[in-house]
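Notes for the structure review
Residue-level listing of the chains:
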Amino acid sequence: RRILIKPYAAYPLPYPITTSRETLAAVISGIRKVSEADIILLEGNPHRESMKSIYKALGYDFPRVLALDVKDCVFVEVENPLTRPFALSTFWLPNVLLYCDYLITIAPFKVFAKQGSFSTKNLLSLLPVSKYQGEDGAGWGALYSLGIDKVIADLYFTLPFDLGIIDARKKFIGTMEPAEGKAEDYGKIFVGEP
């Protein structure tokens, strides 16, 4: 009845830095061919800027699609199912995630400092900055201090997304997030478990 799509859209920057409108439109169209489910877009910004203006700048103006901002959600504490968590035994998450029947993460193909930033790392911006911010008051600094790879591993088990899509038509090799770097053609799209 409800399908949640998590694009990477934290900044008003074009593909391949963010999820392309074209790929998002193809996924939404594919869903509409087989289901009348409610479709929800959910994303957050590390600086707590309004997602409404970012969605507009990226052209995410799809009919019959509800676009939500993580910072406007009600948060619930969800237990990590691992008996021995890597970094966190619980996560604060938007409660809308618990009411969706199917969860999709769509991320561009990005590499920063020789580390991939793909479908599971894309889930990081579902976490409330207000709970996990660093000393500077922005982003998820508290999570990076725990070891971001460990946090992402815990997130993978706590948030069981059903489908991961990596739009690798272009590969973005970054030096600093979000926009410093270069894009090169790669010509692939990966679909499967996140």
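Each remark here, short or long, concerns the structure printed above.
Presented here is a report on the structure given in the accompanying data block. Quick caveat: nothing in here was measured; it's all calculated off a predicted structure.

Per the secondary structure count, the protein includes five helices and nine strands. Each helix and strand of the protein, placed in order from N terminus to C terminus, yields the pattern β-α-β-α-β-β-β-β-β-α-α-α-β-β. For the protein, whose C-alpha radius of gyration is 16 Å, the value lies close to the compact-globule estimate of 16 Å for 194 residues. If one aligns the C-alpha atoms of the protein with their principal axes, the spans along those axes are about 40 × 40 × 30 Å. Burial analysis of the protein (194 residues in total) assigns 49% to the buried set. Considering only contacts in the protein between residues 6 or more positions apart, those separated by 24 or more positions represent 69%. Total accessible area on the protein stands at roughly 9,900 Å², and carbon and sulfur atoms take up 54% of it.

The next point concerns the pattern of salt bridges. All chains considered together, the criterion is met by eight salt bridges. Residue K71 pairs with D69 through a salt bridge whose shortest N-O separation is 3.9 Å. Residue K71 is classed as partly exposed on the basis of its relative accessible area, which comes to 39%. With relative accessibility at 7%, the residue D69 sits in the buried group. Residues joined by salt bridges that share partners form a network here, namely E22, D167 and R169.

The next thing to look at is helix α2 (residues 51–58). It helps to recall that an α-helix has 3.6 residues per turn; residues three or four apart then point in one direction. Listed in full, the buried residues belonging to α2 are M51, I54, Y55 and L58. The buried residues of α2 occupy an angular sector of 100° when the element is viewed end-on, so they sit on one face. Those residues of α2 that are exposed and aimed more than 90 degrees away from the buried face are K52, K56 and A57. Buried positions along α2 lie against α1 (21–34), β2 (38–43) and β3 (65–69).

All right, on to helix α5 (residues 148–158) then. When we look at burial in α5, the residues that qualify are I148, V151, I152, D154, L155 and T158. Along the long axis of α5, the arc covered by the buried residues comes to 160°, so they all point the same way. Elements that come into contact with the buried residues of α5 comprise β4 (75–79), β5 (90–94) and α4 (141–146).

This next bit is on the environment of I104. Mapped onto the secondary structure, I104 falls in strand β6 (residues 102–112). Residues I104 and L163 lie 59 residues apart in sequence; the distance between their C-alpha atoms is 4.8 Å. Contact partners of I104, with chain neighbours within four places excluded, come to I3, L4, I5, K6, V27, I31, F161, L163 and I165.

Side chains that are nonpolar tend, in soluble globular proteins, to be buried together. Among the nonpolar cores identified, the biggest contains 28 residues, and L4, L97, L127 and L143 are the most heavily contacted of them. When residues of this core are traced back to their parent elements, those giving at least two are β2, β4, β5, α3 (129–132) and α5. Top element by residues in this core is α5. It accounts for four residues. Ignoring anything within four residues of it in the chain, the contact list for L4 reads I40, L42, V96, L97, C100, Y102, L103, I104 and F161. In terms of nonpolar packing, the next biggest core, distinct from the first, is built from 21 residues, A9, L24, F62 and V65 among them.

A separate point is the state of the cysteines. A full pass over the atoms with the stated rule returns zero disulfides. Free cysteine: C73, not disulfide-bonded; nearest cysteine sulfur from C100 at 9.9 Å. Here C73 falls in the buried class, since its relative accessible area comes to 15%. The exposure class assigned to C100 is buried, which follows from its relative accessible area of 11%.

Reading the values: the criteria
Residues numbered from 1 in each chain as written. Predicted model: local features only at pLDDT ≥ 70, side-chain atom pairs only at ≥ 80, totals over all residues. Heavy atoms only, no water. Helix = DSSP H or I, 4+ residues; strand = E, 2+ residues; numbered from the N terminus. Rg over C-alpha atoms; globule rule 2.2 N^0.38 Å. Buried < 20%, exposed > 50% of the residue type's maximum accessible area, 1.4 Å probe, protein only. Contact = heavy atoms within 4.5 Å. Areas by Shrake-Rupley, 256 points an atom, 1.4 Å probe, with all protein chains shown as cover. Salt bridge = Lys/Arg side-chain N within 4 Å of Asp/Glu carboxyl O. Arc of directions from axis to C-beta. Core = buried A, V, L, I, M, F, W, Y, C linked by side-chain atoms within 4.5 Å. Disulfide = S-S within 2.5 Å.

What is shown is where atoms sit, not what they do.
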